[in-house]
Amino acid sequence: MSKSYKKSALIGQVKFYLQDAFACSKYKILIFALIMLVFLIMGIVLGVSYNSETVILQDYGIVSFIETGKTTSFFMRILSVLLIMLMLFGFSFKGFLMPFALLILSYRAYLLGFNLCLLFLGFGLGGIILALLVILPCQLAILAILIFYYCMCNNVHCKNQYCGKGGMWKIFFIVLLVAAVICLVEALLLLIFNANIIIVI
């Protein structure tokens, strides 16, 4: 009974903190999201101006399953998310570091748009279906939780929002777990669609 109570208390605490963090950061999250949309579109527009075959050979972010293997590609994406989370955590301590966090997230949005365009131009109808049904939704979900994660960390460090004992580490691992699940879902969908490529950014 005590273990069940502690588990319920932990879930309730995390849920309350997430709701409180969203309420405190909704305008910041909205501004970040709009900026990400601008950079996503910018990446698509700039991608159109490139010769698709040349850029794909240079490997800007499109990785072949055949060359790297599906398991390696999965862990490459998890490692990418982990590194970004660590940087966002570091940039959340002071308000004047926010532009650096915004730069990292904006660059990720730009790369997403750019590589989606390469899929459109270089792989035809198959690339379009793969990008719109699998890669875009999953990568947007990861980008969204990264924005939310930064805003939560910023609230704790700059606004002294209380998140409980060890709360930051709990949130860190929860966000990383959610990102890993999204990457796993993306990998399974790519297997279903029998895809040979994936975007790693």
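Our structure's up above, just so we're on the same page.
Thresholds applied
- Residues numbered from 1 in each chain as written.
- Predicted model: local features only at pLDDT ≥ 70, side-chain atom pairs only at ≥ 80, totals over all residues.
- Heavy atoms only, no water.
- Helix = DSSP H or I, 4+ residues; strand = E, 2+ residues; numbered from the N terminus.
- Buried < 20%, exposed > 50% of the residue type's maximum accessible area, 1.4 Å probe, protein only.
- Contact = heavy atoms within 4.5 Å.
- Areas by Shrake-Rupley, 256 points an atom, 1.4 Å probe, with all protein chains shown as cover.
- Patch = residues over 30% accessible without salt bridge, like charges linked within 9 Å, V, L, I, M, F, W, Y side chains within 5 Å.
- Salt bridge = Lys/Arg side-chain N within 4 Å of Asp/Glu carboxyl O.
- Phe/Tyr/Trp six-rings, centres within 6.5 Å; stacked < 30°, edge-to-face > 60°.

Asker: What is the right way to read the overall build of the chain from this model?
Answerer: Assigned secondary structure in the chain consists of 6 helices and 2 strands. Mapped in sequence order, the helices and strands of the chain form the string α-α-β-α-α-α-α-β. Buried residues in the chain amount to 44% of all 201 residues. Nonlocal contacts in the chain, meaning residues at least 24 apart in sequence, comprise 83% of its contacts between residues at least 6 apart. Looking at the chain as shown, the accessible area adds up to about 11,100 Å², and 74% of this sits on carbon and sulfur atoms.

Asker: Hey, could you run me through a nonpolar patch on the surface in this one?
Answerer: A cluster of nonpolar residues, L125, I128, I129, L132, L133, I192 and F193, forms a patch on the protein surface that exposes about 670 Å² of accessible area. Here the nonpolar patch gets 5 residues from one element, more than from any other, and that element is helix α5 (residues 98-158). Examined against the element boundaries, L132 turns out to sit in helix α5. On the basis of relative accessibility, which here comes to 44%, the residue L132 falls in the partly exposed class.

Asker: Even after reading the chapter, I still don't get the environment of V48, so can you show me in this structure?
Answerer: Along the chain, V48 falls in helix α1 (residues 2-48). Residue classification places V48 among the exposed positions, given a relative accessible area of 52%. Through-space distance from the C-alpha of V48 to that of F120 is 9.3 Å; in sequence the pair is 72 residues apart. If sequence neighbours within four positions are ignored, V48 has contacts with C117 and L121.

Asker: Would you take a moment to explain the packing of aromatic side chains for this structure?
Answerer: The geometry of an aromatic ring pair is captured by the separation of the ring centres together with the interplanar angle, meaning the angle of the planes. Counted according to the given criterion, the structure contains 10 aromatic pairs. Ring centres of F32 and Y150 lie 5.8 Å apart, and the angle between their planes is 25°; this geometry places the pair in the stacked category. Taken as a pair, F32 in helix α1 and Y150 in helix α5 lie far apart in primary sequence, 118 residues in all. An angle of 85° between the planes, with centres 5.3 Å apart, marks the rings of F89 and F93 as edge-to-face. Site record: aromatic cluster; members linked through ring pairs are Y149, W169, F172 and F173.

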